[in-house]
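# Fold and geometry: a report
Chain residues, written in single-letter form:
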Number of protein chains: 4
Amino acid sequence: MTDRLPVGIIGASGYGGVQLVRLLLEHPLVEITYLGGSGSAGQTFADLYPHLGHCINMEIEDCTPAEIAARAKVVFLSLPNGLASKLTPELLAYGCKVLDLSADYRFKDLSVYEAWYQGGTRTDQDVAHKAVYGLPELYSDRIAEADLVACPGCYPTASLLALLPLLKQGLVDHTTIVIDAKSGTSGGGRQAKTNLLLAEASNSLGAYAIASHRHTPEIEQIASAVSGHEVLLQFTPHLIPMVRGILATVYAKLRDPGFTKDDLLTIYKSVYRSSKWVRVLPSGVYPQTKWAVGTNMCFIGLEVDPRTGRIIVVSAIDNLMKGQASQAVQCLNIMMGWDESLGIPKLPFYP
Amino acid sequence: MTDRLPVGIIGASGYGGVQLVRLLLEHPLVEITYLGGSGSAGQTFADLYPHLGHCINMEIEDCTPAEIAARAKVVFLSLPNGLASKLTPELLAYGCKVLDLSADYRFKDLSVYEAWYQGGTRTDQDVAHKAVYGLPELYSDRIAEADLVACPGCYPTASLLALLPLLKQGLVDHTTIVIDAKSGTSGGGRQAKTNLLLAEASNSLGAYAIASHRHTPEIEQIASAVSGHEVLLQFTPHLIPMVRGILATVYAKLRDPGFTKDDLLTIYKSVYRSSKWVRVLPSGVYPQTKWAVGTNMCFIGLEVDPRTGRIIVVSAIDNLMKGQASQAVQCLNIMMGWDESLGIPKLPFYP
Amino acid sequence: MTDRLPVGIIGASGYGGVQLVRLLLEHPLVEITYLGGSGSAGQTFADLYPHLGHCINMEIEDCTPAEIAARAKVVFLSLPNGLASKLTPELLAYGCKVLDLSADYRFKDLSVYEAWYQGGTRTDQDVAHKAVYGLPELYSDRIAEADLVACPGCYPTASLLALLPLLKQGLVDHTTIVIDAKSGTSGGGRQAKTNLLLAEASNSLGAYAIASHRHTPEIEQIASAVSGHEVLLQFTPHLIPMVRGILATVYAKLRDPGFTKDDLLTIYKSVYRSSKWVRVLPSGVYPQTKWAVGTNMCFIGLEVDPRTGRIIVVSAIDNLMKGQASQAVQCLNIMMGWDESLGIPKLPFYP
Amino acid sequence: MTDRLPVGIIGASGYGGVQLVRLLLEHPLVEITYLGGSGSAGQTFADLYPHLGHCINMEIEDCTPAEIAARAKVVFLSLPNGLASKLTPELLAYGCKVLDLSADYRFKDLSVYEAWYQGGTRTDQDVAHKAVYGLPELYSDRIAEADLVACPGCYPTASLLALLPLLKQGLVDHTTIVIDAKSGTSGGGRQAKTNLLLAEASNSLGAYAIASHRHTPEIEQIASAVSGHEVLLQFTPHLIPMVRGILATVYAKLRDPGFTKDDLLTIYKSVYRSSKWVRVLPSGVYPQTKWAVGTNMCFIGLEVDPRTGRIIVVSAIDNLMKGQASQAVQCLNIMMGWDESLGIPKLPFYP
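Residues numbered from 1 in each chain as written. Chains lettered and ligands numbered in written order. Predicted model: local features only at pLDDT ≥ 70, side-chain atom pairs only at ≥ 80, totals over all residues. Heavy atoms only, no water.

## Focus on the overall build of chain A
From N to C terminus, chain A includes twelve helices and 13 strands. Since a compact globule built from 351 residues should have a radius of gyration of about 20 Å, the 20 Å found for chain A is in line with a globular shape. Across its three principal axes, chain A shows a C-alpha extent of roughly 60 × 45 × 40 Å. A buried classification covers 66% of the 351 residues belonging to chain A. Within chain A, residue pairs in contact and separated by at least 24 positions form 70% of the contacts whose partners lie at least 6 positions apart. (Helix = DSSP H or I, 4+ residues; strand = E, 2+ residues; numbered from the N terminus. Rg over C-alpha atoms; globule rule 2.2 N^0.38 Å. Buried < 20%, exposed > 50% of the residue type's maximum accessible area, 1.4 Å probe, protein only. Contact = heavy atoms within 4.5 Å.)

## Describing the packing of aromatic side chains
Taken as a whole and assessed by the stated rule, the structure comprises 28 aromatic pairs over all chains. Between Phe107(C) and Tyr113(C) the ring centres are 6.5 Å apart and the planes differ by 55 degrees, which places this aromatic pair in the tilted class. Of the aromatic side chains, those joined through ring pairs into one cluster are Phe45(A), Tyr49(A) and Tyr350(D). Here the guanidinium or amino end of Arg122(C) rests over the ring plane of Tyr105(C), the centre of that ring lying 5.1 Å away. Residue placement shows Arg22(D) over the ring face of Phe349(A); its charged tip is 3.8 Å from the ring centre. (Phe/Tyr/Trp six-rings, centres within 6.5 Å; stacked < 30°, edge-to-face > 60°. Lys NZ or Arg CZ within 6 Å of the ring centre and 35° of its normal.)

## Observations regarding helix H11 (residues 261–271) of chain D
Residue pairs three or four apart in sequence face the same way in an α-helix, which turns once every 3.6 residues. Residues and elements named next belong to chain D. For H11, the full list of buried residues reads Leu 264, Leu 265, Ile 267, Tyr 268 and Val 271. Axial view of H11: buried residues confined to an arc of 160 degrees, hence all on one face. Structural note: H11 exposes Asp 262 and Thr 266 on the side pointing more than 90 degrees away from its buried face. The inward-facing, buried residues of H11 abut helix H8 (154–169), strand S10 (246–254), strand S11 (278–280), strand S12 (298–305) and strand S13 (310–317). (Arc of directions from axis to C-beta.)

## A short note on the sheet that holds strand S13 (residues 310–317) of chain C
Within a sheet, adjacent strands bond to each other through the backbone by hydrogen bonds, running parallel or antiparallel. Residues and elements named next belong to chain C. Taken together, seven strands build an open sheet; the order of strands is S8-S9-S7-S10-S13-S12-S11 and the sheet is mixed. What marks the edges here is a single partner per strand, and that holds for strand S8 (206–207) and strand S11 (278–280). Relative to strand S10 (residues 246–254), strand S7 (residues 172–184) runs antiparallel, the two sharing eight bridges. Within the sheet, the bridge partner assigned to Ala 181 lies in S10 and is Ala 248. (Pairing = 2+ DSSP bridges.)

## So, the relation of the copies chain D and chain C
When chain D is brought onto chain C, the operation consists of a screw motion whose angular component is 180 degrees and whose axial shift is 0.0 Å, with 0.0 Å RMSD remaining. On the angle and the small slide along the axis, the relation comes out as a two-fold axis. Using C-alpha coordinates, one finds that chain D approaches the rotation axis most closely at Pro241(D), a distance of 3.2 Å. Interface residue correspondence from chain D to chain C reaches 100%, placing this contact among same-surface, isologous pairings. (Least-squares fit on C-alpha atoms with pLDDT ≥ 70 in both.)

## Thoughts on the packing of helix H7 (residues 136–145) of chain A against helix H12 (residues 325–335) of chain A
Residues and elements named next belong to chain A. Between H7 and H12, the least distance of the axes is 9 Å, while the angle of their chain directions is 40 degrees. On the basis of their axis angle, the class for H7 and H12 is oblique. Crossing of H7 over H12 shows right-handed handedness. Of H12, the residues touching H7 (which contributes Pro 136, Glu 137, Ser 140, Ile 143 and Ala 144) are Gln 327, Gln 330, Cys 331, Ile 334 and Met 335. (Axes fitted to C-alpha atoms, helices over the stretch in contact; angles between N-to-C directions. Parallel < 35°, antiparallel > 145°, perpendicular 65-115°, else oblique. Left-handed = near helix turned anticlockwise from the far one by under 90°.)

## Re the sheet that holds strand S6 (residues 148–150) of chain D
All names here are of chain D. Taken in spatial order, the six strands of this open sheet run S2-S1-S3-S4-S6-S5, and their pairing is parallel. A single partner strand is all that each edge strand has here, and the edge strands are strand S2 (30–36) and strand S5 (132–133). Across four bridges, strand S1 (residues 5–10) lies against strand S3 (residues 74–77) in parallel orientation. Within S3, the residue paired with Ile 10 across the bridge is Leu 77.

## Looking at the interface of chain B and chain A
On the side of chain A, 50 residues touch chain B, which itself brings 50 residues to the contact. In total, chain B and chain A occlude about 4,000 Å² of area from one another, counting both sides; carbon and sulfur atoms represent 53% of this. The largest share of the area that chain B buries against chain A comes from Leu205(B), Ile210(B) and Arg307(B), three residues that together contribute 17% of it. Where chain B touches chain A, the interface holds four salt bridges. We note a salt bridge from Arg307(A) to Glu220(B), for which the minimum N-O separation is 2.4 Å. Along the contact surface separating chain B from chain A lie 38 residue pairs in polar contact (both at pLDDT 80 or more). (Buried area = accessible area lost by both parts, 1.4 Å probe. Salt bridge = Lys/Arg side-chain N within 4 Å of Asp/Glu carboxyl O. Polar contact = N/O pair within 3.5 Å; in protein donor to acceptor, adjacent residues only side chain to side chain.)

## A closer look at the pattern of salt bridges
Inspection of every chain in the model, using the stated rule, returns 48 salt bridges over all chains. The salt bridge involving Lys182(B) is made with Asp180(A); its shortest N-O contact spans 3.0 Å. Within this pair, whereas Lys182(B) is found in strand S7 (residues 172–184), its partner Asp180(A) is found in strand S7 (residues 172–184), the two belonging to separate chains. We note that Lys182(B), like Asp180(A), is buried. By sharing partners, the salt bridges in this structure join Asp180(A), Lys182(A), Asp180(B) and Lys182(B) into a single network.

## Overview of the pairing of strand S4 (residues 97–100) of chain D
Residue and element names in this part refer to chain D. Pairing between S3 and S4: four bridges, direction parallel. By the bridge assignment for S4, Val 75 is matched with Val 98. One crossover worth recording links S3 to the parallel S4 by way of helix H4 (residues 84–93), and it is right-handed. Relative to S6, S4 runs parallel, the two sharing three bridges. From the neighbouring strand, Asp 100 faces S6, where its bridge partner is Ala 150. (Right-handed = clockwise from strand over helix to strand, strands pointing away.)

## Re helix H7 (residues 136–145) of chain C
All names here are of chain C. Along H7, the residues that are buried comprise Pro 136, Glu 137, Leu 138, Tyr 139 and Ile 143. Down the axis of H7, the buried side of the element spans an arc of 130 degrees, and every buried residue falls inside it. Facing away from the buried side of H7 by over 90 degrees, the exposed positions are Asp 141 and Glu 145. Buried residues belonging to H7 abut strand S5 (132–133), strand S6 (148–150), helix H8 (154–169), helix H10 (215–227), S11 and helix H12 (325–336).

## A word on the interface of chain D and chain C
Counting residues at the interface gives 49 residues for chain D, matched by 50 residues for chain C. Area buried by chain D at its contact with chain C is led by Leu205(D), Ile210(D) and Arg307(D), which between them contribute 17% of it. At the boundary of chain D and chain C, one finds four salt bridges. For the interface between chain D and chain C, the tally reads 38 residue pairs in polar contact (both at pLDDT 80 or more). Of all the secondary-structure elements, those providing two or more residues to the side of chain D that touches chain C are strand S7 (172–184), helix H9 (198–201), strand S8 (206–207), helix H10 (215–227), strand S9 (234–240), S10, S12 and S13 of chain D. The leading source of residues in the side of chain D that touches chain C is S7(D), at seven residues. A per-class count over the side of chain D that touches chain C returns 25 nonpolar, 14 polar and ten charged. (Nonpolar A, V, L, I, M, F, W, Y, C, P; charged D, E, K, R; others polar.)

## Considerations on the nonpolar core
In this structure, Ile311(A), Ile311(B), Ile311(C) and Ile311(D) are the most contacted members of the largest nonpolar core, which totals 397 residues. Beyond its immediate stretch of four places on either side in the chain, Ile311(A) contacts Leu166(A), Val172(A), Val250(A), Tyr251(A), Ala252(A), Leu254(A), Leu264(A), Tyr268(A), Leu302(A), Glu303(A) and Val304(A). (Core = buried A, V, L, I, M, F, W, Y, C linked by side-chain atoms within 4.5 Å.)

## With respect to the relation of the copies chain B and chain A
Superposition of chain B onto chain A requires a rotation of 180 degrees combined with a translation of 0.0 Å along the rotation axis, giving an RMSD of 0.0 Å. Of the interface residues in chain B, 100% have counterparts in chain A that sit at the interface too, so the contact is made through matching surfaces.

## Here we look at unusual backbone geometry
Each neighbour pair has its own omega, and for Tyr350(B) with Pro351(B) the value is 5 degrees, a cis peptide bond. Structurally, the position occupied by Pro351(B) is in the segment after helix H12 (325–335). In this structure, Asn203(B) takes a positive phi of about 60 degrees despite not being glycine. Although it is not a glycine, Ala209(D) sits at a positive phi angle of roughly 50 degrees. Looking at where Ala209(D) falls in the secondary structure, it is placed in the loop between S8 and H10.

Structural data, given as structure tokens:
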């Protein structure tokens with residue numbers, strides 16, 4: 001085991017943490033050397049997750065940067081928003097590379113973070129400035145050079161992968177973009193909230209945070225950067241009675257109404273030709289979220305409506321994988337100069 | 001029982017039929033005198049639905065208009081598209097009133113039906129011309145006079161109730177209307193299709209019939225009639241892993257960007273003041289489909305996004321009730337001059 | 001409204017409470033005059049349950065016996081175990097009739113309660129002695145005379161209705177009784193527990209409290225009383241990924257191996273002939289829990305295995321209705337000398 | 001690829017087939033060279049299962065033994081009962097090794113098969129006689145020598161793994177064995193049956209085939225062989241509203257009432273010490289089916305009830321993996337003398 005890269009997972013007790021543990025246990029070049037948590041410190045990981053008891057025998061420890069840095073060269077932070085920015089400056093100073101799964105380092109302009117996340121005043125603008133947004137299909141080169149990667153949110157991942165070809169090519173009127181997104185309830189994390197109980201959330205469906213969800217400015221920041229001008233868009237999340245998966249249904253009016261579905265499929269396939277985790281589906285096939293479950297895949301289908309002049313793009317991911325943990329491992333592979341697919345599943349189980 | 005109105009239910013073996021049976025068994029002024037079906041003729045209703053065996057002991061019979069008319073004064077047709085138009089002219093000629101739950105009589109212009117439903121050439125333009133679209137919140141007066149009511153589709157009911165106040169008042173730019181709709185799988189009926197198996201549809205989510213769903217022209221027909229000019233809109237249905245319920249998330253740009261959420265809530269409450277089945281929710285509350293399950297209710301919540309100038313309206317119904325069977329009973333009550341709420345549940349069970 | 005019976009519901013914010021509110025809103029002889037709660041006092045009921053906001057406009061108040069008794073003649077207590085015994089003596093002293101949905105008054109011998117419920121020493125043996133076990137199919141006469149009814153647990157209701165004909169007739173060897181019970185997650189109440197989250201409980205199944213569930217002595221107490229000798233049986237509960245419903249699969253060896261399925265069906269139908277809420281299904285038909293959802297029904301199917309000499313009985317109820325709230329209303333009707341079916345649904349919605 | 005073992009999968013379009021395809025695509029020593037089907041011949045595999053379209057580009061072909069044998073050295077048969085026995089004799093004659101996932105070769109005594117499966121008279125007693133029952137935790141040595149492996153049913157796998165330590169050691173009175181088993185609906189296969197629709201099977205639970213399920217004699221055959229005398233037991237399957245997973249709750253009376261839970265846990269751990277796919281859980285922990293999903297694991301928990309003298313054992317597997325496809329791959333590895341864990345997942349995704 002001595003040649004393996006020692007990595008730490010801080011916030012191991014949550015859903016992001018348990019995905020990372022599971023993925024990194026099977027990663028051929030990595031060894032988990034530190035599991036950190038606050039409320040769960042002192043418990044064994046198998047106490048929390050007995051289903052992994054046959055494969056891991058580690059205790060969850062405190063989140064002390066010096067301790068972590070003494071044992072890990074790369075650190076995944078899977079903590080509630082606002083905590084990563086307390087640990088990251090010190091971890092970087094110790095020489096660790098950091099992959100943060102929270103929102104703390106996703107914004108170039110911290111005032112946007114402060115406005116949408118109500119987390120108080122941030123004083124780590126210097127650190128934030130170095131962070132790279134960890135969407136490999138867009139920023140692979142920057143990620144390869146980064147010491148600090150801000151892993152994208154789940155909704156932004158699904159939304160941006162659906163939008164990127166349109167934005168890069170300037171194909172749509174950006175004032176007409178509507179993203180109607182649907183997520184399984186695991187997106188709410190492993191917190192015991194009444195509205196996420198099976199008895200409440202099962203057999204039902206609702207929208208939430210209409211016109212106010214915090215992933216909106218994250219999507220807009222990247223969409224603006226890609227298109228070269230400010231983009232304001234409509235984003236509405238919905239809670240779906242299923243465990244995993246996000247479906248983003250994206251609407252926009254085409255600038256050139258002469259574009260056909262085949263034209264758009266050709267463009268999408270071209271943009272994602274070298275992206276092994278994005279699969280543009282054949283004409284007439286739309287993705288099911290289940291197809292992506294347990295994998296790092298993003299499936300994309302699209303349609304053009306000649307009656308209305310709109311393109312409708314549908315993208316499906318596993319919110320805890322491409323939307324969170326496996327995308328972080330993908331970033332790790334790129335940062336280390338490894339094969340991008342090491343330790344990352346691409347084949348779902350079905351049904 | 002002699003004073004009760006004798007009614008028949010044709011197509012009693014499907015999900016629409018079993019809702020009607022259940023509702024009409026508890027209706028104080030109605031007696032079910034005929035259950036008709038084709039494939040299921042000769043079976044008892046309790047063979048098909050043992051859960052009602054303690055309350056009904058009737059056999060399903062053939063669908064012969066003369067037989068039906070001899071025993072029923074009002075006939076509910078809950079048949080696959082294309083069959084009602086074979087039976088209805090004769091039933092009307094016998095003096096029956098007809099409530100059709102299929103699409104056969106929803107279109108004033110039968111060429112629209114022919115184009116979207118591929119059902120061949122229709123020759124009953126005269127009968128179709130007399131049909132009234134059975135959305136009581138819009139056409140109560142006409143329904144009261146009708147002999148033939150074309151009950152709305154499930155998606156059109158949810159979509160139109162969300163849109164009506166906007167269309168009536170001309171508040172939005174109709175070219176910007178997007179309806180992102182989500183339905184439980186019971187909307188697919190009691191047919192054994194692979195994609196509706198629990199093993200396939202559970203834990204997953206997908207869009208279907210993008211830019212081509214047959215409820216699109218139905219919504220547009222009524223939206224155009226209400227707004228006084230032709231409306232083309234975007235409608236996308238999704239299949240949700242739950243049994244019952246439709247949520248319609250409706251987007252449109254406000255003509256006057258100065259309108260606030262409170263303004264819109266006031267308008268919605270005003271429009272629906274006398275509609276006992278439509279509940280406009282307080283500011284900040286959005287509906288869950290589960291709230292409407294087993295009832296004739298439509299719950300509506302809305303938000304205005306000052307950043308984008310859009311209104312977002314969310315409506316929730318039970319697709320088999322307000323979207324199908326209980327709305328038909330509501331129409332029956334209006335046709336007969338009865339209290340509109342007879343025999344119709346308004347209180348859901350929760351959770 | 002002056003002729004209606006004024007009733008109070010204490011613990012209105014939980015799942016038992018919201019069922020009671022919904023049922024009693026439609027009860028023709030009752031008026032809800034008091035909603036009590038501790039944590040939720042000061043909130044309106046519609047704040048907690050917006051889906052009933054169109055039908056009820058009441059505030060939840062404190063649980064002060066004098067206040068309650070001043071406004072209600074009958075009080076439903078739907079509180080966590082251990083609280084009813086604090087309120088009941090005083091409510092009875094004020095002249096109220098009490099229906100307790102908790103376990104506090106289900107045991108004749110309070111030492112059994114103390115041993116299984118760890119609720120400390122009980123000092124209300126006198127009051128407990130007056131309580132009647134509220135299973136109307138067994139103790140209708142006593143309920144009619146009672147001032148204090150201890151409503152049965154959900155599992156005991158399903159288990160006892162399956163067992164009663166066997167125990168009454170002495171048909172089985174009671175040392176061979178195994179009850180394998182399965183419940184939807186609403187049985188865990190409206191508390192936010194991690195293991196009841198949709199993300200955890202959905203798509204999964206497990207047993208819990210094996211050989212130690214507190215409904216075991218409750219079932220045994222009644223089974224012993226009915227059979228005339230002490231019965232010890234095996235009871236194992238399971239958590240099922242659904243909202244409502246209990247299925248009890250009951251196994252026992254027949255004393256007389258010559259008994260056939262038809263013999264047993266005849267006996268069961270005879271025992272339940274006058275019980276309108278118990279439906280013994282035809283030979284070869286086994287119940288689905290969904291058949292009972294939203295109703296006070298108990299569906300029973302059975303089979304005899306001539307290879308092993310066992311009878312297998314399967315019973316299905318809605319855990320929140322016949323297993324809790326509607327059974328309490330059934331008891332109320334009996335206590336008041338009303339028609340037993342007032343305000344109680346018997347027709348489920350399906351699917 | 002030339003060194004890889006060429007294998008065929010016949011019946012590739014069903015749920016067993018798609019699991020095998022997925023598993024064998026990642027098996028390091030195997031190459032899929034033939035996909036066979038009857039109804040689906042001529043279609044590409046990605047037409048049926050678009051979620052694998054990025055990893056496989058093969059067409060489904062006819063089921064002609066000569067064709068199959070020309071391209072595959074090992075053949076998995078994942079067909080409806082009764083078809084494997086038509087193909088297997090010829091495939092064996094061509095020199096193929098065969099792993100049959102149906103019931104055709106599970107019975108030493110074909111008259112038992114004929115009696116329970118109503119498949120007509122079997123004439124391949126010679127071939128059936130050579131078949132080895134593919135439960136590696138029991139018959140690893142025989143599987144290593146076999147040319148024809150009859151892979152166990154899903155319920156028998158879960159039931160037998162729970163029972164084996166008891167039977168081997170003669171710890172229980174076999175006349176008291178009750179197996180109450182619960183399965184996700186994928187066990188019904190990819191056939192469109194009304195009762196397996198999400199609209200019907202979701203939110204509900206029921207027993208089926210009480211005292212008559214065809215897995216009963218299969219369990220009894222192996223239980224009898226292990227214990228050295230004839231065993232008749234009670235087996236009851238239930239359909240659970242989830243996709244994958246089986247939970248078997250097994251009851252039996254201990255011969256020696258002095259045995260404690262710790263004794264039994266020690267025995268179970270000892271029996272399964274070298275079985276890497278069986279995990280006996282710590283005292284007080286009972287398995288969730290979800291823990292096994294997507295893996296070849298069987299999780300076992302147990303309890304002793306000193307009140308009744310019974311042991312209760314609960315086992316959990318993925319019905320499509322350890323209960324079907326991954327157990328077949330496990331057998332393949334043993335037949336080929338490979339590491340038993342090649343290509344078989346052991347880490348589930350959770351939640």
